[in-house]
Amino acid sequence: MKHDLSLLLGILIALLAATLLWVLHATLSLDPGPRLADFALARLDESGVSNPVTAVLLNYRAYDTWLELAVLLAALLGIWSLGPAPTGYQPSGPALAAMVDWIVPLAILTGGYMLWVGGHAPGGAFQAGALLGAAGVIMRLAGEPSAGLPGETAQRWLVVLGAGVFALVGGVLLVAGDGFLHYPPGQAKWLILLMESAATIAIGVTLAAAYVGGRPRRDASRR
Amino acid sequence: MNAQFLYGGAGILLFAIGLWSLLVHESLVRKLIAINIAGGGVFHVFIAIAYRGDSAPPDPVPHALVLTGIVVAVSATALALALNRRLEQLDDDDTRDASASPPDTQPMARSPETSLDQPANGHSVALADRRPAEPPAASCAQPAPGLAPRSGGRALTEQGSPAASNTGSDGSQGQGAHDV
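The following paragraphs examine the structure supplied in this document. (Residues numbered from 1 in each chain as written. Chains lettered and ligands numbered in written order. Predicted model: local features only at pLDDT ≥ 70, side-chain atom pairs only at ≥ 80, totals over all residues. Heavy atoms only, no water.)

## A few points about the overall build of chain B
The following threshold applies: Helix numbering and strand numbering both begin at the N terminus, where a helix is a DSSP run of H or I of at least 4 residues and a strand a DSSP run of E of at least 2. A simple rule labels every residue: compare its accessible area, found with a 1.4 Å probe on the protein chains alone, to the largest value its type can have, and call it buried under 20%, exposed over 50%, or partly exposed in between. Whether two residues touch is decided by their heavy atoms; if any such pair falls within 4.5 Å, the residues are in contact. Surface accessibility in these figures is a Shrake-Rupley result with a 1.4 Å probe; residues are shielded only by whichever protein chains are displayed.
A count of helical and extended segments in chain B gives 7 helices and 0 strands. Counting helices and strands in the order they occur from the N terminus, chain B gives α-α-α-α-α-α-α. Counting over 180 residues, chain B shows a buried share of 43%. Partitioning the intrachain contacts of chain B with sequence separation of at least 6 by distance along the chain shows that 81% fall at a separation of at least 24. Total accessible area computed for chain B in this model is approximately 8700 Å², and 69% of it derives from carbon and sulfur atoms.

Written as structure tokens, this is what we have:
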């Protein structure tokens, strides 16, 4: 690109940034007024969890989270449709292998903790899933071509697990309860835990499989 | 209020930097990084707006939106990287076909970009598997105007690289720029 054109773009974008900064400043100095937070916090007791972010994600706007899992699934299907996975990295040396032996179980353990703690403190399915995915990335970097994932058929089941459990719970509640993903009183906690667990596994497997970067090879589960 | 403005303002600056980089640079990988930086800036602004002072808990709705946004951004980035790698494979095939004819048109090398794109070595085996099916797809991708300088740049890097021969024991370190 021409030098002066990029300079002109830079000036224009600087002006845009200055305008946005001014708008942000003006907005912050206003009185906040009513926000969704008031509604979200007012009914937190009924939501089954005490972490308001988890309540928004898994209760008030659970269908958002469901569609988000569908986005993850669609992205992975797109990656798989582009061809088989590239070959992995060369096997790691002894120092890296010893570190991976420690890091991967720790990441899985921390993921389980993150999943549970999401009910009352920052944490939840996405953080836990990200940790599981990171464990897969580390394993692939250390020379395990399948990133620790099972064979192709099992992988396909695992990646639809999250969106599938959401759809299943939602469908059952739609038929037998008050509406799609409208939890009956008192049951919310366990339904949320079930759905979050499924979402955690699906997110972790999807992220690791996306890092592998292609359809699993048939011999992927063996070295 | 001050800390809130500082955090949100930093987000706006990140957004501006990302937007500028997205518009100015030509390499797809750099555009992708730019989009992610701009997206990070937007997340900053959301988090800053959610803050309601030290006394009250922050607004959970923007927090949930940011979590959603991060996941969507990560998966979109993964898909874009995979598409980018596929395009590069097609480019490689094009240049390999073209290198049979005399190399009359070689656009200037763009060293920073090509060094970002360079390590395609790990994919050589996958490439060999698919080779016979390639020509129609390659001819489809050819007319895209943005690809022409890239394939030229790749021709330069490729001649000395083992990717052209499919013997494949070459190291795949450095491939990390491609995977997510």
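## Concerning the overall build of chain A
What counts is decided by this rule: Note on charges: Lys and Arg go in the positive column, Asp and Glu in the negative column, and His and the chain ends are not counted at all. We put the charge of a Lys on NZ, of an Arg on CZ, of an Asp on CG and of a Glu on CD.
What chain A contains, in helices and strands, is 8 helices and 0 strands. Start at the N end of chain A and walk to the C end: the helices and strands fall as α-α-α-α-α-α-α-α. For chain A, the proportion of its 223 residues judged to be buried stands at 43%. For chain A, the share of sequence-separated contacts (at least 6 apart) that also reach a separation of at least 24 residues comes to 75%. Of the roughly 11600 Å² of accessible surface on chain A, a fraction of 71% belongs to carbon and sulfur atoms. Between the mean site of the 12 positive side-chain charges and the mean site of the 13 negative ones, chain A shows a separation of 13 Å.

## A few points about the interface of chain A and chain B
Threshold: Each of two parts loses accessible area, computed with a 1.4 Å probe, when they are put together; buried area is these two losses added. In the scheme used here, Gly and all other residues not listed as nonpolar or charged are polar, with Ala, Val, Leu, Ile, Met, Phe, Trp, Tyr, Cys and Pro taken as nonpolar and Asp, Glu, Lys and Arg as charged.
If you look at the interface, chain A gives 47 residues, while chain B gives 49 residues. Both sides together, the interface formed by chain A and chain B hides about 4200 Å², and carbon and sulfur atoms give 72% of it. Counting only elements with at least two residues in the side of chain A that touches chain B, the list comes to helix H1 (3-29), helix H2 (36-42), helix H3 (52-60), helix H4 (62-81), helix H6 (125-141) and helix H8 (188-212) of chain A. Here the side of chain A that touches chain B gets 12 residues from one element, more than from any other, and that element is H1 of chain A. For the side of chain A that touches chain B, the class distribution of residues is 30 nonpolar, 12 polar and 5 charged.

## Thoughts on helix H3 (residues 60-98) of chain B
Condition: Given the number of residues in a helix, its expected span is that number minus one, multiplied by 1.5 Å. Pairs of N or O atoms are called polar contacts if they sit within 3.5 Å, as long as, within protein, a hydrogen donor faces a hydrogen acceptor (for residues adjacent in sequence, only side-chain-to-side-chain pairs).
Between the first and last C-alpha of H3 of chain B there are 56 Å, a value that for 39 residues agrees with the 57 Å anticipated at 1.5 Å per step. The backbone nitrogen of Val61 of chain B has a side-chain oxygen 3.1 Å away, supplied by the residue at the start of H3 of chain B, namely Asp59 of chain B.

## Overview of the side chain of Ser146 of chain A
Here Ser146 of chain A is to be found in the loop between H6 and helix H7 (152-176). At 3.0 Å, the side chain of Ser146 of chain A and the side chain of Glu144 of chain A are in polar contact.

## Digging into the side chain of Thr68 of chain B
By secondary structure assignment, the location of Thr68 of chain B is in helix H3. Thr68 of chain B gets classed as buried once you look at its relative accessible area, which sits at 17%.

## Brief notes about unusual backbone geometry
Residues and elements named next belong to chain A. Located in the positive-phi region is Ala147, a residue other than glycine, with phi close to 60°. Inspection of the secondary structure puts Ala147 in the loop between H6 and H7. Classification of Ala147 by relative accessible area gives buried; the value is 4%. Here the phi dihedral of Leu181 falls at roughly 55°; this positive angle occurs in a residue that is not glycine. Topologically, Leu181 is positioned in the loop between H7 and H8.

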